[in-house]
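Survey of secondary and tertiary structure
Here is how the chains run, residue by residue.
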Amino acid sequence: MYWKTNSILIFPEGSHNYNPNKIVNKLFDGPVNLSLETGRKIVVCTLIRDQENNISYVDVGHPINLEDFGVEKDYSLDEKSREKKYVNTLTSFIRDKM
């Protein structure tokens, strides 16, 4: 079945970045949650605007397997806090990759 090899293609920022001083906005946790639920890799897509030449580009990254980050869950926290911290850490790793 072909669907078992598909990845999640997503713009993790979830919106346009109009701030010239911020290269990447804060990311939403949705892509990481979706990847954890489905076991799929994340392919980060970034829209880049060249104002000088009045053209836009889409940069599509390589598939990212969240397990490759080696993030461990903090079992000293309660379950809800542990999962939130785990997802937030993975999301920050995705942002760093961008």
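Further up the page is the structure itself.
Right, let's walk through the structure included here. Predicted model, so just to flag it, every value in this text is computed and none were measured.

About the criteria used
- Residue numbers run consecutively from 1 along every chain, following the written order of its sequence.
- Given that the model is predicted, a residue must reach a pLDDT of at least 70 before its local features are reported, and side-chain atom pairs must reach 80 or more before they are shown or counted; all residues, however, enter totals for whole chains, interfaces and linings.
- Excluding hydrogens and water, the side-chain figures rest on all heavy atoms present in the structure.
- For this analysis, a nonpolar core means a set of buried residues of the types Ala, Val, Leu, Ile, Met, Phe, Trp, Tyr and Cys, connected via side-chain atoms within 4.5 Å.
- Three exposure classes are used, based on accessible area relative to the maximum for each residue type with a 1.4 Å probe and protein chains only: buried under 20%, partly exposed in between, and exposed over 50%.
- Runs of H or I in DSSP of at least four residues are treated as helices and runs of E of at least two as strands, each being numbered from the N terminus.
- Paired strands, in this sense, are two strands between which DSSP finds at least two bridges.
- Whenever a helix is involved, its axis is fitted only over the stretch in contact; in every case the axis is a line through C-alpha atoms, and angles between N-to-C directions fall within 0 to 180 degrees.
- Small angles under 35 degrees read as roughly parallel and large ones over 145 as roughly antiparallel, with 65 to 115 read as roughly perpendicular and the rest as oblique.
- Less than a right angle of anticlockwise turn of the near helix away from the far helix marks a crossing as left-handed, whereas a clockwise turn marks it as right-handed.
- In this description, contact between two residues means that some pair of their heavy atoms is separated by no more than 4.5 Å.
- Any residue that is not Ala, Val, Leu, Ile, Met, Phe, Trp, Tyr, Cys, Pro, Asp, Glu, Lys or Arg is counted as polar, Gly included; the first ten are nonpolar and the last four charged.
- Whenever Lys or Arg places a side-chain nitrogen within 4 Å of a carboxyl oxygen from Asp or Glu, that contact is recorded as a salt bridge.

Ranked by internal contacts, the top residues of the largest apolar core, which has 13 residues, are V32, I42, L66, F69, L90 and I94. Counting residues per element, the ones that place at least two in this core are strand 2 (42–50) and helix 2 (79–97). Looking at this core element by element, the count peaks at four residues for helix 2.

Our focus in this paragraph is the pairing of strand 3 (residues 55–60). One ladder, built from six bridges, connects strand 2 with strand 3; its direction is antiparallel. Bridged to D50 within strand 3 is I55.

Another aspect to go through is unusual backbone geometry. The phi dihedral of N54 is positive, around 55 degrees, even though this residue is not glycine. Mapped onto the fold, N54 is located in the loop between strand 2 and strand 3. Exposure remark for N54: the relative accessible area of 58% places this residue in the exposed category.

Take the packing of helix 1 (residues 30–38) against helix 2 next. Close contact between helix 1 and helix 2 brings their axes to 9 Å; oriented N to C, the two are set at 110 degrees. It follows that helix 1 is roughly perpendicular to helix 2 by the angle criterion. The crossing of helix 1 and helix 2 is right-handed. Residues V32, N33 and L36 of helix 1 pack against Y86, V87, L90, T91 and I94 of helix 2. Looking at the contact of helix 1 with helix 2 residue by residue, the class counts come to six nonpolar, two polar and no charged.

Looking now at the pattern of salt bridges. Counting across every chain of the model gives two salt bridges. One salt bridge connects K73 with E83, and the closest N-O pair in it is separated by 2.8 Å. Highlighted residues: K73 in the loop between strand 3 and helix 2 and E83 in helix 2, separated in sequence by ten residues. Using a relative accessible area of 28% as the deciding quantity, one classes E83 as partly exposed. A salt bridge links K85 to D74; the nearest nitrogen and oxygen atoms lie 3.4 Å apart. Placement of the pair is K85 in helix 2 and D74 in the loop between strand 3 and helix 2, with a sequence separation of eleven residues.

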